[in-house]
Amino acid sequence: MHLHPATDPVTPPDQVAAKPPTLSAFASLPPLFRRDLLTLFARASESPFVRLDYLGFRLFQLNDPALIREVLLDKERRYRKGRLMRRLSAVTGEGLLINDGERWKKHRRLANPSMSGRRLAGYAPAMAESARLLVERWRALPAGQPVDLIAEISRTTLIALLRTLFGIDYDARYADVSEVIHRLLDALVQRGSSLLAPPLSWPTPANLAFRRKIAEAEAILARIIDSRRRHLDDDDDPSDLLGQWLRQREQDPEHFTPDEMRDELMTMLIAGHHSLAIALSWALWEIAGDAGLQQGLRAEVDALEQAPADANAMQDLPLTQGAFLEALRLYPQPPILLRDALSDHVLGGYRIRAGDQLIINILAIHHDPQLWPEPHRFRADRYPNINPDHLMQAHHLGFGGGPRSCIGRRFALIEGTLLLAHLLRGLQLDRATAGPIEPRFAGMMVPTAPLLLHVTPR
Ligand code: HEM
């Protein structure tokens, strides 16, 4: 794999012959999106714009904030979600994460009200309660028993998601949900790893296994909808997204077809707890590895009269919010975004053709020393007065940017901050294993070994 330096200067947009520096096709044939991709993203991040040709596909990696802003915000109509990402459709159908155009507009409008300030304020107590339950659970552990962060935090973010967006209480019937979603996402990444995956309808062993995992997730979703529908009558003004949608369908069945609703609910289930759990696990791992950082954060949460129980506490927790954002800067979930060009055009002085694939390298922006001094140091104090709606201007792309930015960003920020605050107030956190743990690419940035902590009641 060789990175060729640019030989042609970037030409003005009306002279469009120049080629970005090219990263040659891989010598062997590892599926492009599987092996050691974080290394590839890092190696190819020295130029603002890199072309990666692979098996006749034209891929461009964008490592420059101005180019990325052009794609995500200023000229976003020239692009659609990347075709590799669209493979999610096997699971989420035409849900918000991958749909485009008029369908996206309609679905985003339908989902937006459940993420309004009023609704989020209504969700915060349930988020705080799931955090309190986790503190209680960890405080009751036998001394010396380590906790596996991702497993434990996934369960907690799932409890909060079921309560807030799906209007149901977690119980034993949902004990395997995180695991099922986790396995499904792993299988999706395996499929997404190859530019030329066989169609899902072909009965290959991998396809059959994948289809079984999708069926498991669909069965869970059907159980959730059924459970919510049975209690809908008790609720005049449902605060949860599922309750509101079921009500709307009762009043106007044409408003939102059952398939559309299913696709969006599956999208929320998949997008709404796993990335949050991984990001929070990295945050806790970093906090547990730095006594000074933990002390600083604890001073902030101990200054509150009691453990935070609602969204008002957010204004008193800037450093704790900063710790969550900093985990997303160092370990963005996901580290890249994918777009396909809809038409021929010029980007950054280079000719892009319809169908070309763009890789937006969030990791390169987040680790750029020009934009982030001491880029590899975890510093929770980088974000005084940050507005979650203006993160892209601050070169933080943890929730994407432009019209397609994460609909759940405020939800995630409130839940993440409340959970960190509760854990810091109730427990001393120490790493249970020595030495650094590196991330690897699996769709998200997951750890190469379990993140294990010792937690001691305070
Ligand atoms: C730490 C937590 C989270 C992270 C890091 C995250 C990250 C992201 C990113 C980067 C995007 C943009 C994808 C793109 O441009 O291709 C996105 C979109 C999205 N996220 Fe999140 N997300 C988080 C939490 C949530 C939550 C809690 C929900 C729902 C409850 C959610 C639902 C969605 C949806 C539906 C979209 C698609 C939005 C659209 O295109 O209109 N996310 N997320």
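Here is what the cut-offs are and how they apply
Residues numbered from 1 in each chain as written. Predicted model: local features only at pLDDT ≥ 70, side-chain atom pairs only at ≥ 80, totals over all residues. Heavy atoms only, no water. Pairing = 2+ DSSP bridges. Helix = DSSP H or I, 4+ residues; strand = E, 2+ residues; numbered from the N terminus. Contact = heavy atoms within 4.5 Å. Axes fitted to C-alpha atoms, helices over the stretch in contact; angles between N-to-C directions. Buried < 20%, exposed > 50% of the residue type's maximum accessible area, 1.4 Å probe, protein only. Polar contact = N/O pair within 3.5 Å; in protein donor to acceptor, adjacent residues only side chain to side chain. Donors = N, O, S within 2.8 Å, 3.2 Å for Na, K, Ca; no water. Near = heavy atom within 4 Å. Phe/Tyr/Trp six-rings, centres within 6.5 Å; stacked < 30°, edge-to-face > 60°. UniProt positions renumbered as here; feature names shortened; annotations may be inferred. Core = buried A, V, L, I, M, F, W, Y, C linked by side-chain atoms within 4.5 Å. Salt bridge = Lys/Arg side-chain N within 4 Å of Asp/Glu carboxyl O. Expected span 1.5 Å × (residues − 1). Bend = angle between axes of the 7 residues up to and from the residue. pLDDT = per-residue confidence, 0-100.

**So, the sheet that holds strand S10 (residues 427–431)**
Taken together, the 3 strands give an open sheet; going across it, the order is S5-S13-S10, and neighbouring strands pair in antiparallel fashion. One side of each edge strand has no neighbouring strand; the edge strands of this open sheet are strand S5 (147–148) and S10. Of the strand pairs in this sheet, S10 and strand S13 (residues 452–457) are connected by 5 bridges, and their pairing is antiparallel. Bridging from a neighbouring strand, leucine 427 pairs with proline 457 of S13. Lying over the sheet, helix H15 (residues 409–426) contacts S10 and S13, oriented at roughly 95 degrees with respect to S10.

**What to know about the side chain of histidine 366**
By the secondary structure assignment, histidine 366 is in helix H14 (residues 362–366). With relative accessibility at 0%, the residue histidine 366 sits in the buried group. Polar contacts involving the side chain of histidine 366 include one to the main-chain carbonyl oxygen of leucine 328, which spans 3.4 Å. Sequence-distant contacts of histidine 366, that is, excluding residues within four places in its chain, are made with Leu328, Arg329, Pro332, Trp372, His395, His396, Leu397 and Gly398.

**Here we look at the coordination of the iron atom of the ligand**
Coordination of the iron atom of the ligand by the protein comes from a single atom, Cys406 (SG), at 2.3 Å. As for its position among the elements, cysteine 406 is in the loop between H14 and H15.

**Side note on the pairing of strand S11 (residues 439–442)**
As paired strands, S11 and strand S12 (residues 444–447) are joined by 4 bridges and run antiparallel to one another. Following the sheet pairing, alanine 442 is matched in S12 by methionine 444. Linking S11 to S12, which pair antiparallel, is a turn of 1 residue; within it glycine 443 sits at a positive phi near 80 degrees.

**So, the site of the ligand**
Near the ligand there are 30 residues, and of these Trp104, Arg108, Arg339, Arg404 and Cys406 occur at the shortest range. Here an oxygen atom of the ligand and a backbone polar atom of leucine 96 are 3.3 Å apart. Looking at the shell around the ligand, the elements that each hand over two or more residues are helix H4 (101–111), helix H10 (258–271), helix H11 (274–288), helix H13 (318–330), strand S6 (336–341) and H15. The element contributing the most residues to the shell around the ligand is H10, with 3 residues.

**Focus: the side chain of lysine 81**
Its place among the elements puts lysine 81 in strand S4 (residues 79–81). When neighbours within four sequence positions are excluded, lysine 81 is seen to be in contact with Arg86, Leu97, Ile98, Asn99, Asp100, Leu338, Arg339, Asp340 and Arg404.

**Overview of the packing of aromatic side chains**
Using the criterion set out here, one finds 6 aromatic pairs in the structure. When the ring of phenylalanine 49 is compared with that of phenylalanine 60, the centres are 5.6 Å apart and the planes differ by 40 degrees; the resulting orientation is tilted. A residue pair is termed long-range when its members are at least 10 positions apart, and phenylalanine 49 in strand S2 (residues 49–54) and phenylalanine 60 in strand S3 (residues 57–62) qualify at 11 residues. A relative accessible area of 2% means that phenylalanine 49 is categorised as buried. Exposure remark for phenylalanine 60: the relative accessible area of 1% places this residue in the buried category. Both rings, one in phenylalanine 49 and one in tyrosine 350, keep their centres 5.3 Å apart while their planes meet at 55 degrees; by these two values the pair is tilted. Taken as a pair, phenylalanine 49 in strand S2 and tyrosine 350 in strand S8 (residues 350–352) lie far apart in primary sequence, 301 residues in all. The buried category is assigned to tyrosine 350, whose relative accessible area is 4%. Put simply, the rings of Phe49, Phe60 and Tyr350 touch in pairs and so form one group of aromatic residues.

**Concerning the UniProt feature "binding site: heme" (unreviewed entry) in the protein**
Taking the numbering used here, the UniProt-annotated feature "binding site: heme" (unreviewed entry) corresponds to Cys406. For cysteine 406, a relative accessible area of 30% gives the class partly exposed. Residue contacts for cysteine 406: discarding those within four places in its chain leaves Arg108 and Phe399.

**Focus: the nonpolar core**
Counting residues in each nonpolar core, the largest one holds 118 residues, and the members touching the most others are Ile153, Phe166 and Phe324. Residue contributions to this core peak at 11 residues, all from H11. Leave out the neighbours within four places in its chain, and phenylalanine 166 touches Leu161, Leu221, Ile224, Arg228, Asp240, Leu242, Leu265, Met268 and Leu269. One finds Tyr350, Leu358, Met392 and Leu397 within the second-largest nonpolar core, a separate group that totals 19 residues.

**Some words on the pattern of salt bridges**
The final tally for this structure, using the stated rule, is 32 salt bridges. Residue glutamate 179 pairs with arginine 183 through a salt bridge whose shortest N-O separation is 3.8 Å. Taken together, the positions of glutamate 179 and arginine 183, both in helix H7 (residues 177–192) and 4 residues apart, correspond to about one turn of that helix. With relative accessibility at 41%, the residue glutamate 179 sits in the partly exposed group. Arginine 183 sits in the partly exposed class, given a relative accessible area of 32%. Two residues, glutamate 218 and arginine 262, come together in a salt bridge whose shortest N-O distance is 2.4 Å. One end of the pair, glutamate 218, is in helix H8 (residues 205–230); the other, arginine 262, is in helix H10, and 44 residues separate them in sequence.

**Topic: helix H5 (residues 117–139)**
Compared with an ideal rise of 1.5 Å per residue, which puts 23 residues at 33 Å, H5 spans 33 Å between its outermost C-alpha atoms and is within 8% of the ideal. Roughly 30 degrees is the biggest bend found in H5, and it falls at tyrosine 123, with proline proline 125 one to four residues downstream. On its buried face, H5 is in contact with S5, helix H6 (149–164), helix H9 (241–251), H15, S10 and S13.

**Quick look at the confidence of the model for the protein**
Per-residue pLDDT for the protein averages 87, and the proportion of residues at 70 or more is 90%. The model gives residues 1–18 a pLDDT under 50, and that stretch makes 37 contacts with residues more than four places away or in other chains. Per-residue pLDDT stays below 50 along residues 24–35; that stretch engages in 33 contacts with residues further than four places along the chain or on separate chains.

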